[in-house]
Amino acid sequence: METTHGSQNRAISLAGKSPQRAEDDFYPTPDSATLALLARESFPGIVWEPACGDGAMARHLDALPGVEAVIATDLVDRGYGAGGIDFLQTREVVDHVVTNPPFSLAEPFIRHALACSTGKVAMLLKLQFLEGVRREKLFSETPLARVYVFRRRLAFSRNGEPVPRKGMIAFAWFVWEHGYQGDPVLKWV
């Protein structure tokens, strides 16, 4: 049985900088998280997964009807896609960007993804990303269209190793859509 202290350590390892944190923020996206997004959003054309890790999300995107191609890259080569690519230094333009970004780089990833896409940007983020005065400018300047909040906590693996229990942190898909106007829509998945 996991102690409260053990649970807190697991939460800290996902939420911030700690000795338990996965190397290079490698927390592969659970299949259930990707499938929840793909059941609600379409991504016709070319999709870029710039933090592809081991390909957990890119494989599902590649099987999606209407997707012409998936570009899978990552800063670290984990045996899937093209490794050694720093997304924040790229200049490519695609239809959509869909990823589970390193949490410490979420805002730069969002801003860069919006600059290099013409359709949608979908980011799997902690629900608490909605909070804070610091992000007020981001949300007022960008076309956030939908937020899909998970009813149940997601179980992430750490460095590809399964974690035995559901997480302690709430997550959501944040979807920006070029040309969207109005307030974002909040839905539960």
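Residues numbered from 1 in each chain as written. Predicted model: local features only at pLDDT ≥ 70, side-chain atom pairs only at ≥ 80, totals over all residues. Heavy atoms only, no water.

Under an unreviewed UniProt entry, the name given to the protein chain is Class I SAM-dependent methyltransferase, and the organism recorded is Methylobacterium terricola.

A. Just the packing of aromatic side chains, in detail. If you walk through the whole model with that rule in mind, you get seven aromatic pairs. On the basis of an interplanar angle of 45° and a centroid distance of 4.8 Å, the ring pair of Phe156 and Phe171 is categorised as tilted. With Phe156 in the loop between strand 5 (144-149) and strand 6 (171-177) and Phe171 in strand 6, this pair connects stretches of sequence that are 15 residues apart. According to the relative accessible area criterion, Phe171 is buried, its value standing at 2%. With 6.2 Å between their ring centres and 20° between their planes, Phe174 and Trp176 make a pair best called stacked. Three or more aromatic residues joined by ring pairs make a cluster, and in this case those are Phe129, Phe139, Phe174 and Trp176. The ring centre of Phe43 lies 5.4 Å from the NZ or CZ of Lys120, which sits over that ring. (Phe/Tyr/Trp six-rings, centres within 6.5 Å; stacked < 30°, edge-to-face > 60°. Helix = DSSP H or I, 4+ residues; strand = E, 2+ residues; numbered from the N terminus. Buried < 20%, exposed > 50% of the residue type's maximum accessible area, 1.4 Å probe, protein only. Lys NZ or Arg CZ within 6 Å of the ring centre and 35° of its normal.)

B. Representation of the side chain of Thr99 within the structure. Within the secondary structure, Thr99 is located in strand 3 (residues 96-99). The exposure class assigned to Thr99 is buried, which follows from its relative accessible area of 0%. A polar contact is formed between the side chain of Thr99 and the side chain of Glu49, at a distance of 2.7 Å. A distance of 3.4 Å separates a polar side-chain atom of Thr99 from the backbone nitrogen of Ala51. (Polar contact = N/O pair within 3.5 Å; in protein donor to acceptor, adjacent residues only side chain to side chain.)

C. Structural view of the environment of Trp48. Tracing the chain through its elements places Trp48 in strand 1 (residues 45-49). Its relative accessible area of 2% is what places Trp48 among the buried residues. Through-space distance from the C-alpha of Trp48 to that of Val98 is 6.3 Å; in sequence the pair is 50 residues apart. Discounting chain neighbours no more than four positions away, the residues touching Trp48 are Ile71, Thr73, Phe87, Thr90, Glu92, Val94, His96, Val97, Val98 and Cys116. (Contact = heavy atoms within 4.5 Å.)

D. Up close: the sheet that holds strand 4 (residues 120-126). Strands sit in the order 2-1-3-4-6-5-7 across an open sheet of seven strands; the sheet is mixed. Of all the strands in the sheet, the pair left with one neighbour each is strand 2 (67-72) and strand 7 (185-188). If you compare each strand with its neighbour and ignore which way they point, the axes differ by 20° on average. Bridge count between strand 1 and strand 3: two bridges; the pairing is parallel. Within strand 3, the residue paired with Trp48 across the bridge is Val97. Its contacts with the sheet put helix 2 (residues 31-38) on strand 3, strand 4, strand 5 and strand 6, and the angle it makes with strand 6 is roughly 35°. Relative to the sheet, helix 4 (residues 106-115) contacts strand 3, strand 4 and strand 6, its axis offset from that of strand 4 by approximately 175°. (Pairing = 2+ DSSP bridges. Axes fitted to C-alpha atoms, helices over the stretch in contact; angles between N-to-C directions.)

E. Looking closely at a positive patch on the surface. A cluster of basic residues, Arg40, Arg151, Arg152 and Lys187, forms a positive patch on the protein surface. Looking at the element boundaries, Arg40 is found in the loop between helix 2 and strand 1. Under the relative-accessibility criterion, Arg40 is labelled partly exposed at 41%. (Patch = residues over 30% accessible without salt bridge, like charges linked within 9 Å, V, L, I, M, F, W, Y side chains within 5 Å. Areas by Shrake-Rupley, 256 points an atom, 1.4 Å probe, with all protein chains shown as cover. Salt bridge = Lys/Arg side-chain N within 4 Å of Asp/Glu carboxyl O. Lys, Arg positive; Asp, Glu negative; His and termini not counted. Charge placed at Lys NZ, Arg CZ, Asp CG, Glu CD.)

F. Representation of the pairing of strand 2. Note that strand 1 and strand 2 share five bridges and pair parallel. Among the inter-strand pairings, Trp48 is bridged to a residue of strand 2, identified as Ile71. Since strand 1 and strand 2 lie parallel, the crossover through helix 3 (residues 56-62) that links them has a hand, and here it is right-handed. (Right-handed = clockwise from strand over helix to strand, strands pointing away.)

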